[in-house]
Amino acid sequence: MAAAADKAFTGYRPLDKARREIRLLRLKAGYGEDTVRCEITHASLDDAALASYETISYVWGDPSIRTIIEIDGSRVLEPKTAAAALTRMRLEDEDRTLWIDAICIDQSNKPERSHQVNMMAEIYTRGTRCLAYLRSESRNQGESAASAIRVLRKHAMAEANVLDLTVHGAGSKDGQLGPLIVECAKDAIDAFCDVLKGPWFR
């Protein structure tokens, strides 16, 4: 049986500043409450063949609250919020390549941390997409988010239809679009409020 973790990951290899290296996290496939397992690789932002990766935006919370995950085969303690974000973004049937600051940056190395923070705008830009982990405090987070997305989809479709009509000459006389109104039922408005009250938006 593997020994219980008692400290943060200490197996970081130095990053090459000249090559503008970053660390990427290969998140292993998993399900439910399975232990989060991942591997760290290095990549250069100057490399034309930079591997595709996704970034994660999430709420740090209290970094002293930690939980066990596995990095490069070692069981270590990492911030619980980062582990929760990885658990939520993990796929069941395939690995996923991600960048998440709490783990991809050696937080104990102040010079590295400062250097990587200065590169974060480009790190996020170079990612194929940014995944937002909202971590709502509401029990109805999933239902609220789904309801809010349905309303947004309805709004987007209505706006696309209005723009299409305008392009084809069926718009207002002065060619300007008036305000677009999408009716929202009270439960949909409540769903938006529920999502927006989450810590990510604060």
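What counts as what
- Residues numbered from 1 in each chain as written.
- Predicted model: local features only at pLDDT ≥ 70, side-chain atom pairs only at ≥ 80, totals over all residues.
- Heavy atoms only, no water.
- Helix = DSSP H or I, 4+ residues; strand = E, 2+ residues; numbered from the N terminus.
- Buried < 20%, exposed > 50% of the residue type's maximum accessible area, 1.4 Å probe, protein only.
- Disulfide = S-S within 2.5 Å.
- Patch = residues over 30% accessible without salt bridge, like charges linked within 9 Å, V, L, I, M, F, W, Y side chains within 5 Å.
- Areas by Shrake-Rupley, 256 points an atom, 1.4 Å probe, with all protein chains shown as cover.
- Salt bridge = Lys/Arg side-chain N within 4 Å of Asp/Glu carboxyl O.
- Core = buried A, V, L, I, M, F, W, Y, C linked by side-chain atoms within 4.5 Å.
- Contact = heavy atoms within 4.5 Å.
- Pairing = 2+ DSSP bridges.
- Axes fitted to C-alpha atoms, helices over the stretch in contact; angles between N-to-C directions.
- Phe/Tyr/Trp six-rings, centres within 6.5 Å; stacked < 30°, edge-to-face > 60°.

As annotated in an unreviewed UniProt entry, the chain carries the name Heterokaryon incompatibility domain-containing protein and is attributed to Cryoendolithus antarcticus.

Chemist: Any chance you could explain the overall build of the chain here in plain terms?
Modeler: When you go through the chain residue by residue, the secondary structure sums to 6 helices and 7 strands. Counted from the first residue to the last, the chain has its helices and strands arranged as β-β-β-β-β-α-β-α-α-α-β-α-α. Counting the 202 residues in the chain, one finds 34% classified as buried.

Chemist: Would you take a moment to explain the state of the cysteines for this structure?
Modeler: In a disulfide, the sulfur atoms of two cysteines are held together by a covalent bond. Counted by the stated rule, this structure contains 0 disulfides. In this model Cys104 remains outside any disulfide bridge; the closest cysteine sulfur is found in Cys38, 8.4 Å from its own.

Chemist: Can you walk me through a nonpolar patch on the surface in this structure?
Modeler: Side chains of Leu196, Trp200 and Phe201 sit close together on the surface and give an oily, nonpolar patch of about 280 Å² of accessible area. By the secondary structure assignment, Trp200 is in the segment after α6 (186-196).

Chemist: Can you help me understand the pattern of salt bridges in this one?
Modeler: Side-chain pairing between opposite charges can occur once the charged atoms of the two side chains come close. Scanning all chains against the criterion turns up 10 salt bridges. Ionic pairing is found between Lys28 and Asp95, a salt bridge with its closest N-O pair at 3.5 Å. Pair noted here: Lys28 is in the loop between β1 (21-27) and β2 (37-44) and Asp95 is in the loop between α1 (80-89) and β6 (96-99), with a separation of 67 residues, a long-range link. A relative accessible area of 18% places Lys28 in the buried class.

Chemist: Whenever I open this one, the nonpolar core confuses me. Can you help?
Modeler: Note that soluble globular proteins tend to have their nonpolar side chains buried in a common cluster. Grouped together as the largest cluster of nonpolar side chains are 35 residues, with contacts concentrated most on Ile22, Ile56, Leu86, Trp99, Ile100 and Ile103. Only β1, β2, β4 (66-71), α1, β6, α2 (101-104) and α4 (120-126) provide two or more residues apiece to this core. Examining the composition of this core, we find that 5 residues originate from one element, α1, more than from any other. Excluding its chain neighbours within four sequence positions, the residues that come into contact with Leu86 are Leu25, Leu27, Val36, Ile56, Leu98, Ile100 and Ile103.

Chemist: Quick question: what am I supposed to make of the sheet that holds β4 here?
Modeler: Whenever strands of a sheet pair, they do so through backbone hydrogen bonds, lying parallel or antiparallel. In space, the 7 strands of this open sheet follow the order β5-β4-β2-β1-β6-β3-β7, with mixed pairing throughout. Every interior strand has two partners, whereas the edge strands, β5 (74-79) and β7 (130-132), have only one. The mean angle between the axes of side-by-side strands here comes to 45 degrees, regardless of whether they run parallel or antiparallel. Pairing analysis gives 3 bridges linking strand β3 (residues 54-57) to β7, with the strands arranged parallel. When the bridges of β7 are listed, Ile56 appears paired with Leu131. α1 contacts β1, β3, β4, β5, β6 and β7 of the sheet and is inclined by roughly 110 degrees relative to β5.

Chemist: Explain the pairing of β6 to me, please; I cannot follow it from the model alone.
Modeler: For a regular strand, side chains alternate in direction, first toward one face of the sheet and then toward the other. Sheet topology places β1 next to β6; 3 bridges connect them, and they run antiparallel. Considered in β6, the bridge of Leu27 is made with Arg96. Two elements, β3 and β6, share 2 bridges in a ladder whose sense is parallel. Across the sheet, Thr55 pairs through a bridge with Trp99, a residue of β6.

Chemist: Can you help me understand the packing of aromatic side chains in this one?
Modeler: Here a ring pair, both rings aromatic, is described through the centre-centre distance and the interplanar angle of the planes. Tallied over the entire structure, the rule returns 2 aromatic pairs. Geometrically, the ring pair formed by Phe9 and Tyr12 is edge-to-face, given 5.0 Å between the ring centres and 80 degrees between the ring planes. Like Tyr12, Phe9 is buried. Ring geometry for Trp99 against Tyr124: centres 5.5 Å apart, planes inclined by 75 degrees, an arrangement best described as edge-to-face. Of the two residues, Trp99 sits in strand β6 while Tyr124 sits in helix α4, which places them 25 residues apart along the sequence. Note on Trp99: relative accessible area 0%, which makes it buried. With a relative accessible area of 25%, Tyr124 lands in the partly exposed category.

Chemist: Before we go on, may I ask you to explain the environment of Leu25 in this structure?
Modeler: Structurally, Leu25 is set in strand β1. It is 6.5 Å that separates the C-alpha atoms of Leu25 and Thr41, two residues lying 16 residues apart in sequence. Other than its neighbours up to four places away in sequence, Leu25 contacts Cys38, Glu39, Ile40, Leu86, Arg96, Thr97, Leu98, Ile100, Ile103 and Cys104.

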